[in-house]
Amino acid sequence: MKADAIELGVGKSSPKRGGLNRGVSILDFIIRIVAIPGTIGSAIAMATTNETLPFVTRFVRFRAEYNDLPMFTFFVVANSIVSAYLLLSLPLSIFHILRSSAERSRILFIFLDTAMLGLLTAGASAAASIVYLAHKGNAKANWLAICQQFNSFCERTSGSLIGSFLGVVAFILLILLSAVALSRR
């Protein structure tokens, strides 16, 4: 009878798996907390980005704002949605710490985290393409580099990409952690 219990996974190694899953759940919670300021900060930094340059006279001015480009608006909306999701997922992450054997909610986390990873990657990539064009330009498409004139605007948009791409890395880790926790059952 004892050999059957060990084959079914009811032997001495079962308590270690619960401890490992609890450790994975704690790490999941910490990564979610760390990812929140990165995504919120990216959304705020991009949404408050604007710069005005005088042209020939002080009455004629060029203004650059984040909402002039739809890709930057999408970036702000995507980061805001992901930040809200991360905040709302914290109670379920705490539930996983308390009850590490919860399987269905981990599967739900994998699906939702993957959807948020896709949204965040799309927003960050769209904004990164425009930031690249702002820095380098494209002679074939007749796009001039504007960062020589709008230096502050370009610095803030480039800086806001950092937190968003760190959020992408955090979501990759979260998906891997959930998969590890599910595979330990």
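**Student:** Tell me about the pattern of salt bridges, and name the residues and values.
**Tutor:** In the structure shown here, the tally under the stated rule is two salt bridges. We note a salt bridge from Arg32 to Asp28, for which the minimum N-O separation is 2.9 Å. Of this pair, Arg32 and Asp28 both sit in helix α2 (residues 14-47), four residues apart, roughly one helical turn. Like Asp28, Arg32 is buried. Residues Arg32 and Asp113 are paired through a salt bridge, measuring 2.8 Å at the closest nitrogen-oxygen approach. Taken as a pair, Arg32 in helix α2 and Asp113 in helix α4 (residues 104-136) lie far apart in primary sequence, 81 residues in all. Each member of the pair, Arg32 together with Asp113, is buried.

**Student:** Let's hear about the environment of Ala126: which residues, and what values?
**Tutor:** Along the chain, Ala126 falls in helix α4. For the pair Ala126 and Met71, spaced 55 residues apart in the sequence, the C-alpha separation amounts to 5.6 Å. Among residues more than four places away in sequence, those in contact with Ala126 are Met71 and Phe74.

**Student:** Account for the nonpolar core, naming residues and giving values.
**Tutor:** Counting residues in each nonpolar core, the largest one holds 19 residues, and the members touching the most others are Val82, Leu86 and Phe171. If you list the elements that add at least two residues to this core, you get α2, α3 (70-98), α4 and α5 (151-183). Contacts of Val82, omitting those with residues within four sequence positions, involve Thr39, Met116, Leu119, Leu120 and Phe171. Membership of the second largest hydrophobic core comes to 14 residues, among which are Met46, Val76, Ala124 and Phe153.

**Student:** Got a sec to walk through the packing of α3 against α4? Specific residues and values, please.
**Tutor:** Think of two packed helices as two axes; the pair is described by the angle between the axes and how far apart they sit. Between α3 and α4, the shortest axis-to-axis distance is 9 Å and the interhelical angle comes to 155 degrees. Between α3 and α4, the interaxial angle falls into the category roughly antiparallel. Relative to α4, the crossing made by α3 is left-handed. Taken together, the residues of the contact of α3 with α4 sort by class into 21 nonpolar, six polar and two charged.

Conventions adopted
Residues numbered from 1 in each chain as written. Predicted model: local features only at pLDDT ≥ 70, side-chain atom pairs only at ≥ 80, totals over all residues. Heavy atoms only, no water. Salt bridge = Lys/Arg side-chain N within 4 Å of Asp/Glu carboxyl O. Helix = DSSP H or I, 4+ residues; strand = E, 2+ residues; numbered from the N terminus. Buried < 20%, exposed > 50% of the residue type's maximum accessible area, 1.4 Å probe, protein only. Contact = heavy atoms within 4.5 Å. Core = buried A, V, L, I, M, F, W, Y, C linked by side-chain atoms within 4.5 Å. Axes fitted to C-alpha atoms, helices over the stretch in contact; angles between N-to-C directions. Parallel < 35°, antiparallel > 145°, perpendicular 65-115°, else oblique. Left-handed = near helix turned anticlockwise from the far one by under 90°. Nonpolar A, V, L, I, M, F, W, Y, C, P; charged D, E, K, R; others polar.

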